[in-house]
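Read off the chains here:
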2 protein chains.
Amino acid sequence: MKFIHTADWHIGKKIHGFQLLKEQEEVYRQLVEVAVKEKVDAIVIAGDLYDRAVPPAEAVLLLNKMLMELNIVQKIPLLVVSGNHDSSTRLATGGPWYEFLNFHLVTKIEDSLKPIVLGNTQFFLLPYFEPIDARLYFGDASLTTHELAAKRVVEEMKKSFDPNYHQVLVAHLFVAGSLRTDSETEVTVGGLDQVSASVFKDFDYVALGHLHNPNASRHERIQYSGTLLKFSVSEANQAKGFKLIELTDEGTLKNTFYPVESTKSLRVLTGLFDELTARDYYETQKKDDYLFIQLKDTQIIPDAMNRLREIYPNVLGMERLDKTGLLSKMGQFNKEKIQQSSPRALFEKYYQEVTGDSLSKQQTDLLTTIFAQLKIEEEDQTQ
Amino acid sequence: MKFIHTADWHIGKKIHGFQLLKEQEEVYRQLVEVAVKEKVDAIVIAGDLYDRAVPPAEAVLLLNKMLMELNIVQKIPLLVVSGNHDSSTRLATGGPWYEFLNFHLVTKIEDSLKPIVLGNTQFFLLPYFEPIDARLYFGDASLTTHELAAKRVVEEMKKSFDPNYHQVLVAHLFVAGSLRTDSETEVTVGGLDQVSASVFKDFDYVALGHLHNPNASRHERIQYSGTLLKFSVSEANQAKGFKLIELTDEGTLKNTFYPVESTKSLRVLTGLFDELTARDYYETQKKDDYLFIQLKDTQIIPDAMNRLREIYPNVLGMERLDKTGLLSKMGQFNKEKIQQSSPRALFEKYYQEVTGDSLSKQQTDLLTTIFAQLKIEEEDQTQ
């Protein structure tokens, strides 16, 4: 059994307002290439296909196209579960039709208990679920945590274990002891959603989704694939890609990581503003990467973000490394001083800072007219 | 060729806040029964499967279940186009997989031009589209109206007409000379979206969706199926159901209307308030129908809607038949008179009208306290 293990595609995700569909298709292409070249028996997608329950229409279109190519054109069986970012109901549309072409999409606990047999392996597809789902399904009020619920589900799966086959679990959850980053989820509370690795000890391989780092798990047979793209600054230094898993009849496991790269990467640039905006520096850079800028400066840099974006169009964000230094410089702009200035003076100052120029005669006249008008309206209202 | 012609399911539609999923499933069941009993060769659904582009999850679940039963369980070919209420992209998810079981779902002009052959018939599936879509697809800037665009599309379809077969068009549009009601669409401007019946003269049958009245068209071979449920008061007197169409090899057309009925119907009740709320009247009524109440009264009836809903839980709305009479009675409540009353007097009067009782001693005391409190706060704010 030779299959690709991938997860957390998050199709339709935006970072800081930037649409990633193009990059998502690029890295997907690299996965298709390997799948075809390696003649894999299946592709496992361990949840979070979409970035949200109601994805935008472009995302629906793209995912449909991706899955169609893999399953209908390339005729590769797909083993897919829904993640916490997916709407299980929406994702499941069409499910019963998919089965006819060996596209197995599981979005409910009850459908996870019956294995799907491909080659020498029984696959169990466990979607993301909450303890309440397990309580309802098993009618067992004691399943109050992710740990207890997962244990119960695995117990049930083990009833169908056939010693003539290997057992692979596909799941979307957080295995205790794994490393988190920022972008996986915002709804979990530290610790409560963890499941001990020991729960999964009887599986030959556990193909996980949820965490975005391919090295998030320390357990050889319990692995995260990681995402195909960097989705947050905390992932800037992670390798991104998917895993090719081979399970021989004898039970040997081979895990090969295939890195992927989109033309626009996500990187952190660190330096002084003047350094980062110097021509001989930026001409050595891939300027259209998604960049997060860390400035070492301690003085105020008027309109820094816009000036950076003139050079680097895809700046995601900016932070100051020496915040204390900056704050002391900011003293001259404290609240009292601002309140003492007239709105007109503040406007002139702001204009100068942003453009580097003073107001022209025409602009000054216009400003005078506007402020006079505002004053009349104000007096009208207080009468 | 024997097929069911239905359309405008509008799964997920609410009327005046009432969810209709249960009723939608009920009438659908009646359609399934006929489909199975009559051993139809296909079921045509001419658009507006959902009520909106992003339907609620329950609607997605229900429609998926309905189509699955017809296509996978009963193995009946489905011929489906998207309507103006559907999102073509969202609806199309899974489309390529559906084809394998003869579930043909067309959401784009380009896919309408190639016929689907079943038995003795070529089916052309034309989804709802705007003239702009035709301009883009044909690269022809002259296609500025629905009429011109439809003409162009049909011209293109005719290139594939095979004289050995009948030709049936499935479409979601407004044929000129048809009768509209309220609930079809709110975005059309009178006349501009009409297509002449003559455009379709070469088809043996045109199975339309869009208008909700099964008798909306005067043309024998160009028919609307109408909806399965009443969706607005203007449809209260329409028969609801679907059509069974039979096209013999010789070209004879047989059109049989199958009425359906949900346990909760939509009706209009007309009368005086006292008549409609009299026990010996309402006990003869199906009180949980969706009712629109027309009152003949000319006096003010305090809290009429709530009092009607105590008897008839599913009142959709209420109107006065004699508005002039009512308005003259309302004279006593004109703006000047209300402004002259104190808020406290108005409150007391309102309480009395709604409950029929005066305020108790305790309530009067409470009111005094509240008004005193309000006065203090008001003075605080103006200081």
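In what follows, the accompanying structure is described.

Conventions used here
Residues numbered from 1 in each chain as written. Chains lettered and ligands numbered in written order. Predicted model: local features only at pLDDT ≥ 70, side-chain atom pairs only at ≥ 80, totals over all residues. Heavy atoms only, no water. Least-squares fit on C-alpha atoms with pLDDT ≥ 70 in both. Contact = heavy atoms within 4.5 Å. Phe/Tyr/Trp six-rings, centres within 6.5 Å; stacked < 30°, edge-to-face > 60°. Helix = DSSP H or I, 4+ residues; strand = E, 2+ residues; numbered from the N terminus. Buried < 20%, exposed > 50% of the residue type's maximum accessible area, 1.4 Å probe, protein only. Lys NZ or Arg CZ within 6 Å of the ring centre and 35° of its normal. Pairing = 2+ DSSP bridges. Axes fitted to C-alpha atoms, helices over the stretch in contact; angles between N-to-C directions. Parallel < 35°, antiparallel > 145°, perpendicular 65-115°, else oblique. Left-handed = near helix turned anticlockwise from the far one by under 90°. Nonpolar A, V, L, I, M, F, W, Y, C, P; charged D, E, K, R; others polar. Buried area = accessible area lost by both parts, 1.4 Å probe. Salt bridge = Lys/Arg side-chain N within 4 Å of Asp/Glu carboxyl O. Polar contact = N/O pair within 3.5 Å; in protein donor to acceptor, adjacent residues only side chain to side chain.

Between chain B and chain A, which share one sequence, the superposing operator has a rotation angle of 180° and an axial displacement of 0.4 Å; the RMSD is 0.3 Å. Both copies of the chain, as the preceding transformation shows, are related through a two-fold rotation axis. Closest approach to the rotation axis among the C-alpha atoms of chain B is made by B:G94, whose C-alpha sits 2.7 Å away. A share of 100% of interface residues in chain B that are also interface residues in chain A marks the association as one of identical surfaces.

Applying the stated criterion to the full structure yields 24 aromatic pairs over all chains. Ring plane angle 55° and centroid distance 5.4 Å describe the contact between A:F103 and B:W97, whose orientation is recorded as tilted. Here the residue A:F103 occupies a position in strand 6 (residues 103-106), and B:W97 occupies one in helix 4 (residues 95-98), the pair thus bridging two chains. For B:W97, a relative accessible area of 1% translates into the label buried. Summarising the aromatic geometry, the rings of A:Y137 and A:F138 are spaced 5.0 Å apart at their centres and angled 70° between planes, so their arrangement reads as edge-to-face. Taking the relative accessible area as the measure of exposure, A:F138 reaches 17% and is therefore buried. Put simply, the rings of A:F3, A:F123 and A:Y205 pair up and form one aromatic cluster. The residue whose ring lies beneath B:K13 is B:F231, and the NZ or CZ to ring-centre distance is 5.5 Å. Residue placement shows B:R152 over the ring face of B:F138; its charged tip is 4.2 Å from the ring centre.

Right, let's talk about the sheet that holds strand 5 (residues 78-81) of chain B for a bit. For sheets, the rule is that strands pair by backbone hydrogen bonds, running either parallel or antiparallel. All names here are of chain B. Judged by pairing direction, the sheet is mixed, and its 6 strands sit side by side in the order 6-5-4-1-14-15 without closing on themselves. Of all the strands in the sheet, just strand 6 (103-106) and strand 15 (253-259) have a single pairing partner and so form its edges. Along the sheet, successive strands turn relative to each other by an average axial angle of 20°, direction set aside. Bridge count for strand 1 (residues 2-6) against strand 14 (residues 241-247) is 4 bridges, and the pairing is antiparallel. By the bridge assignment for strand 14, H5 is matched with K243. Against the sheet, helix 1 (residues 21-37) makes contact with strand 1, strand 4 (42-46), strand 14 and strand 15, and its axis sits at roughly 170° relative to strand 1, the strand it touches most. Sitting on the sheet, helix 2 (residues 57-73) touches strand 4, strand 5 and strand 6, and the angle it makes with strand 5 is about 145°.

Residue and element names in this part refer to chain A. Closest axis-to-axis distance for the helix 5 (residues 131-138)/helix 6 (residues 146-158) pair is 9 Å, and the angle between their directions is 45°. In terms of their interaxial angle, helix 5 and helix 6 are classed as oblique. Both helix 5 and helix 6 take part in a crossing whose hand is left-handed. On helix 6, the residues touching P131, A134 and F138 of helix 5 are H146, A149, R152, V153 and E156. Looking at the contact of helix 5 with helix 6, its residues break down into 5 nonpolar, 1 polar and 2 charged.

Attention now goes to the interface of chain B and chain A. At the interface, 22 residues of chain B touch 22 residues of chain A. At the boundary of chain B with chain A, total buried surface from both sides reaches about 2000 Å², with 73% on carbon and sulfur atoms. Taken together, chain B and chain A are joined by 0 salt bridges. Where chain B touches chain A, the interface holds 6 residue pairs in polar contact (both at pLDDT 80 or more). Where the side of chain B that touches chain A is concerned, the elements lending two or more residues are helix 2, helix 3 (88-92) and helix 4 of chain B. For the side of chain B that touches chain A, the element with the highest residue contribution is helix 2 of chain B, accounting for 8 residues. Looking at the side of chain B that touches chain A residue by residue, the classes come out as 16 nonpolar, 5 polar and 1 charged.

Our focus in this paragraph is the sheet that holds strand 7 (residues 116-118) of chain B. All names here are of chain B. Taken together, the 5 strands give an open sheet; going across it, the order is 7-8-9-12-13, and neighbouring strands pair in mixed fashion. Strands with a single pairing partner mark the edges of an open sheet, and in this sheet they are strand 7 and strand 13 (222-224). Averaged over neighbouring strand pairs, the angle between their axes works out to 25° when direction is ignored. For strand 12 (residues 205-209) and strand 13, the ladder comprises 3 bridges, and the chain directions are parallel. Bridging from a neighbouring strand, V206 pairs with I222 of strand 13.

Our focus in this paragraph is the pairing of strand 15 (residues 253-259) of chain A. Looking at chain direction, strand 14 (residues 241-247) of chain A and strand 15 of chain A are connected through 7 bridges and run antiparallel. Paired with A:G241 across the bridge in strand 15 of chain A is A:P259.

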